[in-house]
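Architecture at a glance
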Amino acid sequence: MEKSAKIYVAGHRGMVGSAIYRKLVSAGFDNIITRSSAELDLRNQQNVADFFEAEQPDYVFLAAAKVGGIVANNTYRADFLYENLSIQNNVIHQAYKTGVKKLMFLGSSCIYPKLAPQPLKEEALLTGLLEETNEPYAIAKIAGIKMCDAYRAQYGCNFISVMPTNLYGYNDNYHPQNSHVLPALIRKFHEAKESNATEVNIWGSGTPMREFLFADDLAEACYFLMQHYDEPGFLNIGTGEDLTIKELALLIKKVVGFEGELTFDSSKPDGTPRKLMDVSKLHALGWKHQVQLEEGIGLAYQDFLNKVNSLSAHS
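In what follows, the accompanying structure is described. (Residues numbered from 1 in each chain as written. Predicted model: local features only at pLDDT ≥ 70, side-chain atom pairs only at ≥ 80, totals over all residues. Heavy atoms only, no water.)

**Description of the pairing of strand 3 (residues 59–62)**
- Alternating residues of strand 3 divide into Tyr59 and Phe61 and Val60 and Leu62, and every residue in both groups is buried.
- Where strand 1 (residues 7–10) and strand 3 come together, four bridges link them in parallel fashion. Opposite Ile7, over in strand 3, you have Tyr59 as the bridge partner. (Buried < 20%, exposed > 50% of the residue type's maximum accessible area, 1.4 Å probe, protein only. Helix = DSSP H or I, 4+ residues; strand = E, 2+ residues; numbered from the N terminus. Pairing = 2+ DSSP bridges.)

**A short note on helix 2 (residues 45–55)**
- Among the residues of helix 2, Val48, Ala49, Phe51, Phe52 and Glu55 are the ones counted as buried. Seen along its axis, helix 2 keeps its buried residues to an arc of 165°; they face one direction. Exposed side chains of helix 2 directed beyond 90 degrees from the buried face belong to Glu53 and Ala54.
- For helix 2, the elements touching its buried residues are strand 1, strand 2 (32–33), strand 3 and helix 4 (77–97).
- Between a side-chain oxygen at the N-terminus of helix 2 and the backbone nitrogen of Gln46 the separation is 3.0 Å; the capping residue is Asn44.
- Positive phi appears at Gln56, one or two residues downstream of helix 2, with a value of about 50°. (Arc of directions from axis to C-beta. Contact = heavy atoms within 4.5 Å. Polar contact = N/O pair within 3.5 Å; in protein donor to acceptor, adjacent residues only side chain to side chain.)

**Observations concerning the packing of helix 2 against helix 4**
- Interaxial distance between helix 2 and helix 4 falls to 9 Å at its minimum, and their mutual angle equals 35°. Between helix 2 and helix 4 the crossing geometry is right-handed. Contact with helix 2, carried on its side by Gln45, Val48, Ala49 and Phe52, involves Asn90, Val91, Gln94 and Ala95 of helix 4 and no other residues of that element.
- Along the lines of polarity and charge, the residues of the contact of helix 2 with helix 4 split into five nonpolar, three polar and no charged. (Axes fitted to C-alpha atoms, helices over the stretch in contact; angles between N-to-C directions. Left-handed = near helix turned anticlockwise from the far one by under 90°. Nonpolar A, V, L, I, M, F, W, Y, C, P; charged D, E, K, R; others polar.)

Spelled out as structure tokens, the structure:
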């Protein structure tokens, strides 16, 4: 990417998009275009067509999506399928129509079959049934990967796809119902500490294993791959390291400084038993994550505290 290139970051207010935006600014790019969802509804075909026609971006990072945790995915099944398909269809098609040089589509590790062998290799896509709770989201993301490949095959578009593992970091969503496990636990432990609670109850058995990547590390990887990767299919982005939800909870408890006990509610769903990315292809290209989990949780907790303090200052 040339420093003068016009780069469109779709979803720049989200955790991933904002991290990519920060990375581009720090790398010296100053022709970055963004639109909030209020300014541009990416679900609206005509609006997206008009935007691309007017702006003519050179490069696109497609980080805009409707996202959420297990509960949100399972509750808003139609919304997750329709809205994500609409966003992808519109942005990818208009990128082709207006001659975008390169587009990066960001997916999610939930695209893999529920019982795929661990660690998850890129080749495992579509080899089995999906996890039922987030199937609509996964199907939308798989469609995005296949769409990039189809536009590459038919029209010669340089559209690439990456699949990040579980992410956390600045600008995360800490909503009590709709957030992912790590930010949800940060909030839980913080509120328990503030209210001097004696215990924190955690969904599920605590035995499932998960991998977590700091969002600014993901942005570094995306920036790296935008320069060095031009293949069909997609590439996993992760750490290649995982831990149990119980171990994660103990780590967050330590960072937050909560002194009480942990209990686990095994009547609640665990989701997939393990989800670890095989990142050997990424490592072979020469990229590896920098931020270790405990350090990253500390940064995320500080960000959460800043949010809490700014909310209380305005109330």
